[in-house]
Amino acid sequence: MSTPSDPSPFPGYRTSDPEYRRITIALFFAGIATFATLYSTQALLPELATAFDVTPGQATLSLSVATIGLGAALLVAGALSEAVGRTRLIHLSLTVSALIGLACALAPSWEALLGLRLLQGIALAGLPAVATAYLREEIHARVTARAAGLYIGGTALGGMTGRLVTAGIGGTLGWHWALGAIAVVGLVCALAVRLLLPASRNFVPVPARPRRLARMMAGALRDPALLALYAIGGCSMGAFVAAYNALSFRLVSEPFALSLGVAGLVFLVYPVGTVGSILAGRLADVHSRRLVVPIASAVLAAGLLLTIPAQLAVLVLGVAVMTGGFFAVHGVASGWVPVRAHAAGLAPGPAASLYLFAYYLGSSVFGGLAGLVWSAGGWSGVMALTLTLTAIVVVLALLLRRTRSLETGRR
């Protein structure tokens, strides 16, 4: 480790360091809070459609407006973090989004709920905007992909927590109590992150000048590999959220006709996403990100195909495979972005923000479109949409294998 008299930069925490464990645990909790909050309305879509007398397409807006707000805020948060610091934004994001969650539980009308969800999405941007950049700066380069996989694993568990808690409570006590419970989860996780997350050691602030920040953002749009990674994030997330949004309606309809609480149990497959992201991160450290991303993309496509038969056991298996494949793609791609940006001499924060902007733009656009496609064409229409997006991901992942690596010692 570096000392005040040692001019060499701190090389980053290794897996044997206690700070490494503190960082991974803290960001695991932060991922749970952020994504439990973000996706808290997904399992409640049928309940919200009934409670507010809106269509399935309108009900999906409760998720889409949050991801739109988050995506727009990411364009500012990532660049802003280069001036104000990573950890400060993380703590602010977790606390404010949980408090807005309490207000969502008390929303008096559909319009009020959508407005609060938009604000909540904006508040949530602080963590995803800086998490991978923070890991790139504070974790040793040899284990960065592994640490990113653990963080993405937390986001997968958070997505499951949000859906399971809201489905279970919403099916018995109603959506007010369901959203309130998720807000409490967010506050508890925010406290854990405050106690565990070490302060940055390698972060170097830059002056908060709009023109300088704009130049950094523009620079992150010049590298072809980064552009491909942004598109992979947007298309894979679009396919994933579209499938899950429509799945909420499919499971409560014939031939399954499940109750909201029972349908929510399908989200128990989410730990497969945690395993997928962690395993993919380790494989990327040992082999190559260029090898892992195409394989994970193919797994995502295979999972989607398994959901086509109207047999519950096969459908659940397909959802599990799809979830594992998606989080493997996202875990490796999201961690790759700041590493690639740094190697290209670009600011990692804006690059990570642009990746996540594309990621949540895909969620907002295609997740919202899924409700309309479901109403018009059923599950076959949803499959046409999601498999097209996944095909784009596979092609881009294969093209990335031909892109020259800028990282020393990596392929």
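First, a word on scope: everything that follows refers to the structure included in this document. Here the structure is a predicted model, which is why all the values come from computation and not from measurement.

What counts and how
- Residues numbered from 1 in each chain as written.
- Predicted model: local features only at pLDDT ≥ 70, side-chain atom pairs only at ≥ 80, totals over all residues.
- Heavy atoms only, no water.
- Helix = DSSP H or I, 4+ residues; strand = E, 2+ residues; numbered from the N terminus.
- Rg over C-alpha atoms; globule rule 2.2 N^0.38 Å.
- Buried < 20%, exposed > 50% of the residue type's maximum accessible area, 1.4 Å probe, protein only.
- Contact = heavy atoms within 4.5 Å.
- Areas by Shrake-Rupley, 256 points an atom, 1.4 Å probe, with all protein chains shown as cover.
- Lys, Arg positive; Asp, Glu negative; His and termini not counted.
- Charge placed at Lys NZ, Arg CZ, Asp CG, Glu CD.
- Axes fitted to C-alpha atoms, helices over the stretch in contact; angles between N-to-C directions.
- Parallel < 35°, antiparallel > 145°, perpendicular 65-115°, else oblique.
- Left-handed = near helix turned anticlockwise from the far one by under 90°.
- Nonpolar A, V, L, I, M, F, W, Y, C, P; charged D, E, K, R; others polar.
- Salt bridge = Lys/Arg side-chain N within 4 Å of Asp/Glu carboxyl O.

### Comments concerning the overall build of the chain
Within the chain one finds 16 helices and 0 strands. Relative to its length of 411 residues, the chain is compact, with a C-alpha radius of gyration of 20 Å against a globular reference of 22 Å. The C-alpha extent of the chain, read off along each of the three principal axes, is 70 × 45 × 40 Å. A total of 411 residues make up the chain; the buried ones form 61% of that total. Considering only intrachain contacts with a sequence separation of at least 6, the fraction spanning at least 24 residues in the chain is 83%. Here the chain displays about 15,400 Å² of accessible surface, and carbon together with sulfur accounts for 68% of that area. Between the mean site of the 27 positive side-chain charges and the mean site of the 13 negative ones, the chain shows a separation of 10 Å.

### Here we look at the packing of helix α13 (residues 270-286) against helix α15 (residues 312-343)
Interaxial distance between α13 and α15 falls to 7 Å at its minimum, and their mutual angle equals 40°. Comparing their axes, α15 and α13 come out oblique. Judged by the sense of rotation from one axis to the other, the crossing of α13 with α15 is right-handed. Contact residues: Y270, V272, G273, G276, S277, A280, G281 and A284 in α13; A320, T323, G324, F327, A328 and V332 in α15. Of the residues belonging to the contact of α13 with α15, the class tally is 8 nonpolar, 6 polar and no charged.

### What to know about the environment of G324
By secondary structure assignment, the location of G324 is in helix α15. In contact with G324, other than residues within four places in its own chain, are V272, G273 and G276.

### Here we look at the packing of helix α11 (residues 224-251) against α15
Packed helices, taken two at a time, are described by the angle their axes make and the gap between the axes. It is at 10 Å that the axes of α11 and α15 come closest, and there the two elements cross at 155°. When the axis of α11 is compared with that of α15, the two are roughly antiparallel. Two packed elements cross with a definite hand, and for α11 against α15 that hand is left-handed.

### Side note on the pattern of salt bridges
For the structure on display, the rule yields 2 salt bridges. A salt bridge links R86 to E137; the nearest nitrogen and oxygen atoms lie 2.4 Å apart. Here E137 lies in helix α7 (residues 126-138) and R86 lies in helix α5 (residues 86-105), a separation of 51 residues in the sequence. Each of the two residues, R86 as well as E137, counts as buried. R340 serves as the salt-bridge partner of D223, at 2.9 Å between the closest nitrogen and oxygen. In this pair, D223 is assigned in the loop between α10 (210-219) and α11 and R340 in helix α15, connecting sequence segments 117 residues apart. An identical accessibility class is assigned to D223 and R340; each is buried.

Bear in mind that shape data such as this cannot, by itself, settle questions of function.
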